[in-house]
Each structure stands twice: as C-alpha cells, then as structure tokens.
Amino acid sequence: MGPVSINVGYDCIPMPLHIETPLIESAAMSSAGQSVWLKMEALQPPGSFKIRGVGHACEEYARRGARRFIAASGGNAGIAAAYAARHLAIPMLVVVPETTSARALELLRRENAEVIVHGASFQEANALAQSMVGATDAFIHPFDDPLLWHGHASMIDEVARAGRRPDAVVLSVGGGGLLCGVIAGLRRNGWSDVPVIAVETDGADSLAQSIAAGARIELARIGSIATSLGARQVSQQAFDWTGAHDVRSVVVSDAAAVAACIRFMDDHRIVSEPACGATLAVAYDAAAMLGRFDQVLAIVCGGVTATVAQLQAWQATANK
Ligand SMILES: *Cc1c(COP(=O)(O)O)cnc(C)c1O
C-alpha cells in the first residue's frame, strides 16, 4: 500500500487513505499452545482503525461529487473524517457536543476541520449536523454505512495476504461498524467460520444487552469511560450478524480495560483508549477466556482521545 496521495481532482486514481498496519505476535499475551496476534490499527496516521472505513466512504462520496463532508463525532470517527477531508482537499464540518474535550477539539482543528460546538450530548450535536446536510454535502456516519464496513474489511484482507488464518478474532464494539467490517472481511476471504469475540465495557454494552433480550435494545445512558464504545444502540446490521455469524459477546469492566491499556504501554509501547483496552483485556486473559483457540487475532483499534495522564488518573480512581 503506497503513501497517502493528495488528490487534486475527481479523476485521479484513488489511493487508500489508510496504511497497511503491522501484524505482530505478542510475546506478552501468548502462552504455550496459544498465539495472540495483534493487528496494529493504533498506528494508523489518525490513530485508529476508523480511517479505513471513513477514508473509503469519503473517497467514494468525493467521487460522487460531494463538495463538503459533515460529521457529528468529536471522537476518532470525526478525527478520521477530518484527516480524509484534508487529504482529499474537501471542506469538513464537524458538530460536537459541549462535553467534547479540549484535546479532541485541538485534534480536529489540527486537521483544518470547521468545528461547531453545540448541545449537551451527542444527540443534540447530531441533530444539528443532520439539519445542515445540503444537496452537495455527504454525511459521514461513525459506524452505520456499508461503505464504512467495506473499508474496515481491508484489515482482514491484509491478514489473509500475510497467510495468518485466525481461529478467533477479538475486537471492540461500539455501534458495531468494526464488527460489520471484520465479518465482511472474514467472509470475503473464505473465513466465514471464524468466530468473532465482541467485547464491550460494562455501561456501554448495547450489543450484549441486545443479544440477551433477543432484540436490538437502546441503552438509556452510557455509563462507561470508554466513550468510543458509547453508542446507545448498535446498528441493525451488527445485531443481525449475531444471528448469522458466530459472534460471542464479552463484557469487561472499565477498570479491566484501563489496566490493559497501561500494561499494553509497557509491553508494546503504544497508547490506546479504554475502548481498545476492552479488547486488550480479553487478549491478555486469552488462555482463560478463550481457551481452545490456537491462533487469536486481536484488533488493536487504537484511539487518540485518551492521554497517558488520563489513563493513569482513571487507574488511580479505580484502585481507590
Ligand atoms: C469507534 C471505535 C470503536 C468502536 O467501533 P464501532 O465501529 O463503533 O463498533 C472502538 N475503538 C475505538 C478506538 C474507536 O474509535
């Protein structure tokens, strides 16, 4: 995969905006008879896997003539969209709620996005963003768009090209875009029998609760520090996959997710969000939680909205 191109018009050949990430075996997580492989999405230039799907969607909407992108995420999806927009030379508007951190605002502005801060929660910011979408604008959804899933699936294409067939894939679930993308990738590579371990944090467990209820439920509120997993309802497609693919739901505590992030910094020298720590917590405990799989693939989804100091503060609170 080549370097990011600066597209100057709609008729140049599109280059992917994401990079091909390393696939490495984790000595710290592997044990006798069980290898844990890490797909290092935290190393994507905008800091998370999101650029795969968002980048693909943005390129496609640009090709169809979009003159502006609009998003309603102050998290990794908004940051990835702003990164894609800058590289495609298309204006980007991001509407974020008042709860958005100074760090996230700074990261968005660094990508030259126009930022409107509006409303007490995602719902209000999203409503304003939706109301501003004109005929030549494209709305970039954080998790519910087939173009996004198609782009996310490229991470599994890379694993297939490396010849590493997993016996199980561990990944985090917010609204389920990553889940839909990874399952699409497994299926298009002939790996439709590979189970997916879908990890959420307690308080952001909209998929786990939907599976338990046998219907797609909506959480009344998000009660987890893993804000990137904080979709109150998963997409219909994500829920439907639980009946059509071997998807096993696991819920971990915020404390376990944060502890895994800290441990991962020491072991692999990478900072990630608790949203990613949820997957790391399961990967660290793979022998106990996933006993019978020889080759485990963990998607290190990354995330840029948590700092080292923030992770340490969360850990100190959890230990009190
Ligand atoms: C968006 C995100 C998730 C969750 O992805 P969904 O597609 O919403 O399920 C997990 N981790 C990180 C770091 C994210 O940015």
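All values derive from a computational prediction rather than experimental measurement.

1. Some words on the environment of Leu229
Reasoning step 1: Mapped onto the elements of the fold, Leu229 is located in the loop between helix H8 (206-213) and helix H9 (236-244).
Reasoning step 2: Classification of Leu229 by relative accessible area gives buried; the value is 4%.
Reasoning step 3: Those residues in contact with Leu229 that sit more than four places away from it in its chain are Ser172, Val173, Gly174, Val199, Glu200, Thr201, Ala204, Ala275 and Ala278.

2. Considering the domain arrangement of the protein
Often the size quoted for an interface is simply the accessible area lost on bringing the parts together.
Reasoning step 1: Looking at the protein, the domain boundaries give domain 1 (18-49 + 147-318) and domain 2 (50-145).
Reasoning step 2: Centre-to-centre, using C-alpha coordinates, domain 1 lies 23 Å away from domain 2.
Reasoning step 3: Domain 1 puts 33 residues into the contact, and the matching count from domain 2 is 24 residues.
Reasoning step 4: Among the residues of domain 1 in contact with domain 2, Pro46, Leu147 and Leu148 are the three that bury the most area, contributing 33% of the side total.
Reasoning step 5: Linking Glu41 and Arg52 is a salt bridge whose minimum nitrogen-to-oxygen distance equals 2.7 Å.
Reasoning step 6: Elements with a minimum of two residues in the side of domain 1 that touches domain 2: helix H5 (146-152) and helix H6 (154-161).

3. Focus on the site of the ligand
Reasoning step 1: Contacts to the ligand come from 16 residues, most closely from Lys50, Asn76, Gly174, Gly176 and Gly177.
Reasoning step 2: One of the backbone N or O atoms of Gly176 is found 2.8 Å from an oxygen atom in the ligand.
Reasoning step 3: A distance of 2.9 Å is found between an oxygen atom of the ligand and a backbone nitrogen or oxygen belonging to Leu178.
Reasoning step 4: Bound to the protein, the ligand loses 97% of the 380 Å² it would expose on its own.
Reasoning step 5: Looking at the shell around the ligand, its residues break down into seven nonpolar, eight polar and one charged.
Reasoning step 6: In terms of domain composition, the shell around the ligand takes at least three residues from each of domain 1 (18-49 + 147-318) and domain 2 (50-145).

Basis of the calculations
- Residues numbered from 1 in each chain as written.
- Predicted model: local features only at pLDDT ≥ 70, side-chain atom pairs only at ≥ 80, totals over all residues.
- Heavy atoms only, no water.
- Helix = DSSP H or I, 4+ residues; strand = E, 2+ residues; numbered from the N terminus.
- Buried < 20%, exposed > 50% of the residue type's maximum accessible area, 1.4 Å probe, protein only.
- Contact = heavy atoms within 4.5 Å.
- Domains from an automatic or database assignment.
- Buried area = accessible area lost by both parts, 1.4 Å probe.
- Salt bridge = Lys/Arg side-chain N within 4 Å of Asp/Glu carboxyl O.
- Near = heavy atom within 4 Å.
- Polar contact = N/O pair within 3.5 Å; in protein donor to acceptor, adjacent residues only side chain to side chain.
- Areas by Shrake-Rupley, 256 points an atom, 1.4 Å probe, with all protein chains shown as cover.
- Nonpolar A, V, L, I, M, F, W, Y, C, P; charged D, E, K, R; others polar.

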